[in-house]
Amino acid sequence: MAHKLESISPGASAGGVVSNAEAEEAFRTVLRWIGEDPDRDGLRDTPHRLVRAFREYFSGYEEDPAQVLRKTFSEVDGYDEIIVLRGVTFESHCEHHIAPIIGRVWVGYLPDKRVVGISKLARVVEIFSKRLQLQERLTAQIANTIDDVLKPRGVAVVVKAAHHCMISRGIHKRGSDLVTSRMLGAFRDQPATRAEFLSLVNDGSSE
Ligand SMILES: [Zn+2]
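Cut-off values and rules
Numbering of residues begins from 1 in every chain and follows the order in which that chain's sequence is written. Predicted model: local features are reported for residues with pLDDT of at least 70 only, side-chain atom pairs are reported and counted for 80 or more only, and whole-chain, interface and lining totals are derived from all residues. Each side-chain value is worked out from all heavy atoms of the structure, with water and hydrogens disregarded. Strands here mean DSSP runs of E at least two residues long; helices mean DSSP runs of H or I at least four residues long; both are numbered from the N terminus. A simple rule labels every residue: compare its accessible area, found with a 1.4 Å probe on the protein chains alone, to the largest value its type can have, and call it buried under 20%, exposed over 50%, or partly exposed in between. The contact criterion used throughout is that any non-hydrogen atoms of two residues lie within 4.5 Å. In short, Shrake-Rupley with a 1.4 Å probe defines the accessible areas, and a residue's cover is counted only from the protein chains shown. Two rings belonging to Phe, Tyr or Trp (six-membered ring only in the last case) form a pair when the distance between their centres is within 6.5 Å. Interplanar angles under 30 degrees mark stacking, angles over 60 mark edge-to-face geometry, and anything in between is tilted. Helix span is expected to be 1.5 Å times the residue number reduced by one. Angles shown run from 0 to 180 degrees and are taken between the N-to-C directions of axes, each axis being a line fitted to C-alpha atoms and, for helices, limited to the stretch in contact. Between 65 and 115 degrees an angle is taken as roughly perpendicular, under 35 as roughly parallel, over 145 as roughly antiparallel, and anywhere else as oblique. Here a crossing is called left-handed whenever its near helix is offset anticlockwise from the far helix by less than a right angle, and right-handed whenever the offset is clockwise. Whether two strands pair comes down to DSSP finding at least two bridges between them.

### Describing the overall build of the protein chain
Stage number 1. Within the protein chain one finds eight helices and seven strands.
Stage number 2. Within the span of the protein chain, comprising 207 residues, buried residues form 40% of the whole.
Stage number 3. The contacts in the protein chain between residues at least 6 apart in sequence include a share of 72% that link residues at least 24 apart.
Stage number 4. As displayed, the protein chain offers around 11600 Å² of accessible surface, 51% of which is attributable to carbon and sulfur atoms.

Laid out in structure tokens, this is it:
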């Protein structure tokens with residue numbers, strides 16, 4: 001499953017091939033463990049459904065985000081303003097509890113020679129979010145990949161997300177979200193460039 005992953009994807013190469021049947025059996029075990037009967041009508045297909053759901057939640061292990069960006073860049077012919085993808089939604093899962101992390105990402109970069117279609121940036125967000133994550137690592141991976149492949153003059157990524165492991169268990173902080181950011185190049189070195197990006201992040205993002 002995890003064959004063509006980069007060094008920035010920790011844990012992605014561990015483990016051998018596990019069949020769907022083995023994964024379903026493991027979910028049956030968990031159902032028994034919580035006190036359920038996995039053979040009762042309502043639950044009989046649940047392990048199968050869970051396996052299909054997990055395939056979707058974690059489909060990002062099978063794709064290489066750098067490849068997505070590499071395929072489609074083009075020469076920009078002097079365009080040198082900030083390009084920003086605003087508030088793209090994502091669903092990920094925290095690696096500590098496999099609980100949902102639901103949030104939005106703002107991606108900005110200052111192109112040098114290469115640009116990509118905005119949908120490719122959204123694909124990068126999608127691929128990294130469909131893995132077990134920490135929000136901090138998700139933020140860094142998106143920024144670093146864009147930096148590595150497009151070699152822009154700067155990259156800025158802000159992630160705002162709610163962690164269901166915080167909402168539904170432990171400290172029960174409903175309504176709070178976590179904000180992380182990574183600024184590279186011009187966004188780190190030039191306050192005016194960073195401020196321009198952050199004004200785009202904060203404009204219209206109140207929810
Ligand atoms: Zn968690």
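From this point, the narrative continues.
### A few points about the packing of aromatic side chains
For any pair of aromatic rings, the description consists of the separation of the ring centres together with the inter-plane angle of the planes.
Stage number 1. The full count for this structure, using the stated rule, is five aromatic pairs.
Stage number 2. Centre to centre, the rings of F54 and Y57 are 5.7 Å apart; their planes meet at 50°, and the pair counts as tilted. Highlighted residues: F54 and Y57, both in helix 2 (residues 46–57), separated by three residues, approximately one helical turn.
Stage number 3. Among the aromatic residues, those joined into a ring-pair cluster are F27, F54, Y57 and F58.

### Some words on helix 8 (residues 191–202)
Stage number 1. Look at helix 8: 16 Å from first C-alpha to last across 12 residues, which is about the 16 Å you get at 1.5 Å a residue.
Stage number 2. Against strand 2 (83–94), strand 3 (100–110), strand 6 (154–163), strand 7 (178–185) and helix 7 (186–189) lie the buried residues of helix 8.

### Let's talk about the packing of helix 4 (residues 118–129) against helix 5 (residues 135–150)
Stage number 1. Interhelical geometry of helix 4 versus helix 5 gives an angle of 140° and a closest axis separation of 10 Å. Between helix 4 and helix 5, the angle falls in the class oblique. The crossing of helix 4 and helix 5 is right-handed. Counting all contacts with helix 4, which are made through L121, V124, V125, F128 and S129, the residues of helix 5 involved are L138, Q141, I142, T145 and I146.

### Details of the sheet that holds strand 5 (residues 132–133)
Stage number 1. Reading across from one edge, 5-2-3-6-7 is the order of the five strands in this open sheet, with mixed pairing throughout. Either end of the sheet is taken by a strand with one partner, and the two such strands are strand 5 and strand 7.
Stage number 2. In this structure, strand 2 lies alongside strand 5, joined through two bridges in parallel fashion. Residue C94 lies in a different strand from strand 5, and its bridge partner there is Q133.
Stage number 3. Where helix 4 meets the sheet, its contacts fall on strand 2, strand 3 and strand 5, and the angle it forms with strand 2 comes to roughly 20°.

### Section: the pairing of strand 3
Stage number 1. Of all the 11 residues making up strand 3, eight are buried; the element is thus mostly covered by neighbouring parts of the structure.
Stage number 2. Summarising the sheet, strand 2 and strand 3 pair through nine bridges and their orientation is antiparallel. Across the sheet, residue S92 finds its bridge partner in strand 3, namely I101.
Stage number 3. Two successive antiparallel strands, strand 2 and strand 3, enclose a turn made up of five residues, where I98 displays a positive phi of approximately 50°.
Stage number 4. Bridge analysis of strand 3 against strand 6 gives 10 bridges, and the strand direction is antiparallel. Directly across from V105, in strand 6, lies its bridge partner V159.

### Section: the pairing of strand 6
Stage number 1. In terms of burial, strand 6 is a largely internal element, 10 of the 10 residues being buried.
Stage number 2. Residues of strand 6 alternate between two faces, with G154, A156, V158, K160 and A162 on one and V155, V157, V159, A161 and H163 on the opposite face, all of them buried.
Stage number 3. One ladder, built from eight bridges, connects strand 6 with strand 7; its direction is antiparallel. Bridge assignment links G154 to a residue of strand 7, and that residue is G185.

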